[in-house]
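Below, each chain spelled out in residue letters.
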Amino acid sequence: MNALTASRYQLLIKMLKTNYDAYVATASFLSPSRIPRSELPNMQDVPMLEQPIMPESILDEDDGKTELVADCTLEDLRYQESLLDKILLKVFRSFVEKNTNGVSSPKEGIEGLLDQGRTYMLQPTTTPKDQQKMVYNTLGGLMTPVLPPFYRIFMSGIVPKLGTDYDGKQFGPWFYAPWLTSFVTPTFFGFLVGPSKTNRRKDGMPGGLVVEKCKFLQESGCKGMCLNICKLPAQDFFKEELGLPLTVSPNFVTQECQWSFGEEPLPPSKDPSFPKGCLAGCDSRKIMAERGLSSGQLVCE
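Everything numeric here is computed off the predicted structure, so don't read it as measured data.

A. Molecular detail of the pattern of salt bridges. Tallied over the entire structure, the rule returns seven salt bridges. Salt-bridge contacts for Glu39 lead to Arg8; the nearest nitrogen and oxygen are separated by 2.5 Å. You can see Glu39 sitting in the loop between helix 2 (20–30) and strand 1 (57–59) and its partner Arg8 sitting in helix 1 (residues 3–18), a full 31 residues away along the chain. Among the salt bridges present, the one from Arg37 reaches Glu256, with a minimum N-O distance of 2.8 Å. Residue Arg37 is found in the loop between helix 2 and strand 1, and its partner Glu256 is found in the loop between strand 5 (246–250) and strand 6 (257–261); the two are separated by 219 residues along the sequence. For Glu256, a relative accessible area of 7% gives the class buried.

Shown next, in the form of structure tokens:
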């Protein structure tokens, strides 16, 4: 990064901290015609090319009345998996099988994981809470019994059980926790979401992470799976198990996804960036329609 680029980046961060609306207007003017989108400190409400900020609402072609969310029209990203990605995905899938009482798939890689998740989601007795709990427990298994206690002490400032009056009391998260977490996360979660890089949260502070084009969302095309097998369980796990708030903000127009560590999340029903209704091309919706279930029975909200 040259001096001019670095200076512009710092000025944009200052604006991001003091006047978010002015930042969005300025960033929208600058990118992509004048500077690359990747040089913005935050991209959440900045449109990409001619794409809208929020996905369009369209009517279901089959019944002509059900409102759906338009699919992403950008070209699919081809992902290059490292050896670590393959190992972590295999381990993750084994925990998913364990935590779903044996739901597996003969498919390989991320397609197999999505097949497991969709099969479990569409079981008649599975609720959204069941899906979220399954992923919560899977994340716990992936992190092993060692990492969460270490993180709670040294990142979130939670006093361990020492037989004192301060046991369980939280003095953090420490100032470095959001930034350091965003710095480490791309290495260990790339197998699920694809390439990502650190950026700034909407308040201009460090601790942001933007996923270039979410692998999980691109390959699943399912908003219900995005919500209940990624967004909500990840937020709950970081808050409840690790002691650090997290907001996961998927962009259904671009399939980017902003992770903001240290930021308290809104419930999806109150989050203006999370549209209502199923994605138009969602395979889960099509399967449920084949089973004679109405769109009202889908779990995409």
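From this point, things continue past the structure.
B. Focus on the packing of helix 3 (residues 83–99) against helix 5 (residues 128–142). At their nearest, the axes of helix 3 and helix 5 sit 9 Å apart, and the two run at 135 degrees to each other. By the criterion of interaxial angle, the relationship of helix 3 to helix 5 is oblique. The way helix 3 lies across helix 5 gives a crossing that is right-handed. The residues of helix 5 that touch helix 3, namely those facing Leu88, Val91, Phe92, Phe95, Val96 and Asn99, are Met134, Asn137, Thr138, Leu139, Gly141 and Leu142. For the contact of helix 3 with helix 5, a count of residues per class yields eight nonpolar, four polar and no charged.

C. Region of interest: helix 3. Here helix 3 is 17 residues long and its end C-alpha atoms lie 25 Å apart, about the 24 Å a rise of 1.5 Å per residue gives. Every buried residue of helix 3 is accounted for by Asp85, Leu88, Leu89, Phe92, Arg93 and Val96. Across the axial projection of helix 3, the buried residues extend over an arc of 140 degrees, all falling on one side. Away from the buried face of helix 3 by more than 90 degrees, exposed residues Leu83, Lys90 and Lys98 are located. Next to the buried residues of helix 3 lie helix 4 (109–121), helix 5 and helix 7 (177–193). Immediately downstream of helix 3, the backbone of Asn101 shows phi near 60 degrees, a positive value.

D. Looking closely at the nonpolar core. With 52 residues, the main nonpolar core has Phe92 and Trp259 as its most contacted residues. Looking at this core element by element, the count peaks at ten residues for helix 9 (residues 223–242). When sequence neighbours within four positions are dropped, the list of residues in contact with Phe92 reads Leu113, Thr138, Leu139, Leu142, Phe191 and Leu192. In terms of nonpolar packing, the next biggest core, distinct from the first, is built from ten residues, Leu16, Tyr20, Tyr23 and Ile35 among them.

E. Spatial organisation of the packing of helix 3 against helix 7. Running from N to C, helix 3 and helix 7 point in directions that differ by 65 degrees, and their axes come no closer than 9 Å. Taken together, the axes of helix 3 and helix 7 lie roughly perpendicular to each other. The way helix 3 lies across helix 7 gives a crossing that is right-handed. Where helix 3 abuts helix 7, its residues Leu84, Asp85, Leu88, Leu89 and Phe92 lie against Thr187, Phe188, Gly190, Phe191 and Leu192. Looking at the contact of helix 3 with helix 7 residue by residue, the class counts come to seven nonpolar, two polar and one charged.

F. The environment of Trp179, seen in detail. By secondary structure assignment, the location of Trp179 is in helix 7. C-alpha separation for the pair Trp179 and Gly262, spaced 83 residues apart in sequence, amounts to 8.9 Å. If near-sequence neighbours (up to four positions away) are discounted, Trp179 is found in contact with Pro206 and Gly207.

G. How the structure looks around the packing of aromatic side chains. All told, the structure shown has eleven aromatic pairs when counted by the stated rule. Aromatic side chains Phe175 and Tyr176 sit 5.3 Å apart centroid to centroid with 80 degrees between the ring planes, which places their arrangement in the edge-to-face category. Relative accessible area serves as the criterion here: at 77%, Phe175 is assigned to the exposed category. Each residue in the set Phe189, Phe238, Trp259 and Phe261 is aromatic and connected to the rest through ring pairs, giving one cluster. A cation sits over an aromatic face here: Arg34 above Phe29, 3.8 Å from the ring centre. A cation sits over an aromatic face here: Lys215 above Tyr79, 5.5 Å from the ring centre.

Basis of the calculations
- Residues numbered from 1 in each chain as written.
- Predicted model: local features only at pLDDT ≥ 70, side-chain atom pairs only at ≥ 80, totals over all residues.
- Heavy atoms only, no water.
- Salt bridge = Lys/Arg side-chain N within 4 Å of Asp/Glu carboxyl O.
- Helix = DSSP H or I, 4+ residues; strand = E, 2+ residues; numbered from the N terminus.
- Buried < 20%, exposed > 50% of the residue type's maximum accessible area, 1.4 Å probe, protein only.
- Axes fitted to C-alpha atoms, helices over the stretch in contact; angles between N-to-C directions.
- Parallel < 35°, antiparallel > 145°, perpendicular 65-115°, else oblique.
- Left-handed = near helix turned anticlockwise from the far one by under 90°.
- Contact = heavy atoms within 4.5 Å.
- Nonpolar A, V, L, I, M, F, W, Y, C, P; charged D, E, K, R; others polar.
- Expected span 1.5 Å × (residues − 1).
- Arc of directions from axis to C-beta.
- Core = buried A, V, L, I, M, F, W, Y, C linked by side-chain atoms within 4.5 Å.
- Phe/Tyr/Trp six-rings, centres within 6.5 Å; stacked < 30°, edge-to-face > 60°.
- Lys NZ or Arg CZ within 6 Å of the ring centre and 35° of its normal.

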